[in-house]
Amino acid sequence: MAVTFADLHTADGLKALEQHLAGKTYVSGDVISKDDIKVFAAVPSKPGAEFPNAARWYDTVAAVVAARFPGKATGVNLPGAGAASTAAAAPAAEAAKDADDDDDDLDLFGDETEEDKKAAEERVATKASSKKKESGKSSVLLDVKPWDDETDMKKLEEAVRSVQMEGLTWGASKLVPVGYGIKKLQVMMTIVDDLVSVDTLIEERLTEEPINEYVQSCDIVAFNKI
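Residues numbered from 1 in each chain as written. Predicted model: local features only at pLDDT ≥ 70, side-chain atom pairs only at ≥ 80, totals over all residues. Heavy atoms only, no water.

(A) Structural context of the overall build of the chain. Within the chain one finds seven helices and four strands. When its helices and strands are written in sequence order, the chain yields α-α-α-α-α-β-α-β-β-α-β. Taken across its 226 residues, the chain has 32% of its residues classed as buried. At a minimum sequence separation of 6, the contacts of the chain that also span at least 24 residues come to 66%. (Helix = DSSP H or I, 4+ residues; strand = E, 2+ residues; numbered from the N terminus. Buried < 20%, exposed > 50% of the residue type's maximum accessible area, 1.4 Å probe, protein only. Contact = heavy atoms within 4.5 Å.)

Written out as C-alpha cells, the structure reads:
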C-alpha cells in the first residue's frame, strides 16, 4: 500500500515521517529504495533532534546519495518547499528524477569501495564453486605410449603426472607390455567434465614439450561417467 507524506518542510509533515519510521530503517522494506530517494528529495534539511527516527534515516540515505554524486553542490532553492535546500538537496533531487524516469533498480552503489568489490568477487567465486561441485565427473583410462624400448618409463610417468589442473585427479597406473620389449603406461584419471577436456589435455599438454620427450602418443581406452 502506498504511503503519502505531505508538507515535509513543516513540523507536522516531519512528525508523520517520524511516526512512519518508528522501528524501521527505510521508508519501504528492509533495503533502500526509490521511495527513500523520493521522500529524501522532499525533505529540505536534516530533521532536528525532536525527530530521531527521521534524522537517522536522513543520515543513512544522505550517505548513499553522496557516494553516488561526488561532485560539489553549490545549493539550490526550491520555492514552496520551505527552507532553502542544502548541498545534499541537489543530488537528492537528481536521484528522485532518476527514480521517476527509470523503471529499473536504481544503482545507488556506482562507486564501489574495495570492500564492496571484494564481497562481490567472493559471491561470484562462491556461486562458481557451487556450480563446479554440481558438474558431472568422468573416469578415464588412458594409454600413454613411449617412443621406444629405451624410453625411461619412470620419467615418462612422472612427466604425465606433473600435469596439474583444476578438475583433474590422477589415479592408479600400471605398465603393460606391447611387444618387442616396449611397454606402455595405462593410467586412470578422474575429471570434472566442465573443467577438463581430455582431447585438449592430450593435444596441448601430454604430447607437447617437454612431456613429448618421453610420450609419443596417447589414446583413450575407456571413458565412463561417474
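Next comes the rest of the description.
(B) Fine view of the nonpolar core. Residues Val-144, Leu-156, Val-160, Leu-168, Trp-170, Met-189 and Leu-206 are the most contacted members of the largest nonpolar core, which totals 23 residues. Elements with a minimum of two residues in this core: β1 (137-146), α6 (153-161), β2 (168-179), β3 (182-192), α7 (198-206) and β4 (215-225). Setting aside its immediate chain neighbours within four residues, Leu-168 contacts Val-163, Met-189, Thr-190, Ile-191, Val-196 and Leu-201. Counting residues in hydrophobic clusters, the runner-up holds 19 residues, among them Leu-14, Leu-17, Val-39 and Val-61. (Core = buried A, V, L, I, M, F, W, Y, C linked by side-chain atoms within 4.5 Å.)

(C) Summary view of the packing of helix α2 (residues 34-42) against helix α3 (residues 52-68). The interhelical angle for the contact between α2 and α3, taken along N-to-C directions, is 105°, at an axis separation of 10 Å. Comparing their axes, α3 and α2 come out roughly perpendicular. Residue-level contacts link Asp-36, Ile-37, Val-39 and Phe-40 of α2 to Trp-57, Tyr-58, Val-61, Ala-62 and Val-65 of α3. Residues belonging to the contact of α2 with α3 are distributed by class as follows: eight nonpolar, no polar and one charged. (Axes fitted to C-alpha atoms, helices over the stretch in contact; angles between N-to-C directions. Parallel < 35°, antiparallel > 145°, perpendicular 65-115°, else oblique. Nonpolar A, V, L, I, M, F, W, Y, C, P; charged D, E, K, R; others polar.)

(D) Layout of the environment of Val-187. Along the chain, Val-187 turns up in strand β3. By relative accessible area, Val-187 is classed as buried at 1%. A C-alpha to C-alpha distance of 6.6 Å links Val-187 and Lys-174, two positions 13 residues apart in sequence. Residues contacting Val-187, with those up to four places away along its chain left out, are Val-140, Leu-141, Leu-142, Val-144, Arg-161, Trp-170, Gly-171, Ala-172 and Ser-173.

(E) Highlighting the pairing of β1. The buried fraction of β1 amounts to eight of the ten residues, a majority that puts the element mostly inside the structure. Pairing of β1 with β3 involves eight bridges; the strand directions are antiparallel. From the neighbouring strand, Leu-141 faces β3, where its bridge partner is Met-188. (Pairing = 2+ DSSP bridges.)

(F) Representation of α6 within the structure. Along α6, the residues that are buried comprise Met-153, Leu-156, Ala-159 and Val-160. Mapping the buried residues of α6 onto a view down its axis gives an arc of 115°, with all of them on the same face. Buried-residue contacts for α6 involve β1, β2, β3, α7 and β4. Between a side-chain oxygen at the N-terminus of α6 and the backbone nitrogen of Lys-154 the separation is 3.0 Å; the capping residue is Asp-152. (Arc of directions from axis to C-beta. Polar contact = N/O pair within 3.5 Å; in protein donor to acceptor, adjacent residues only side chain to side chain.)

(G) Region of the structure containing the environment of Thr-4. Tracing the chain through its elements places Thr-4 in the segment before α1 (11-20). Counting along the chain gives 13 residues from Thr-4 to Leu-17, while the straight-line C-alpha distance between them is 9.5 Å.

(H) Fine view of the pairing of β2. As defined by bridge partners, β2 adjoins β3 across nine bridges and the pair is classed as antiparallel. When the sheet's bridge partners are listed, Leu-168 is paired in β3 with Ile-191.

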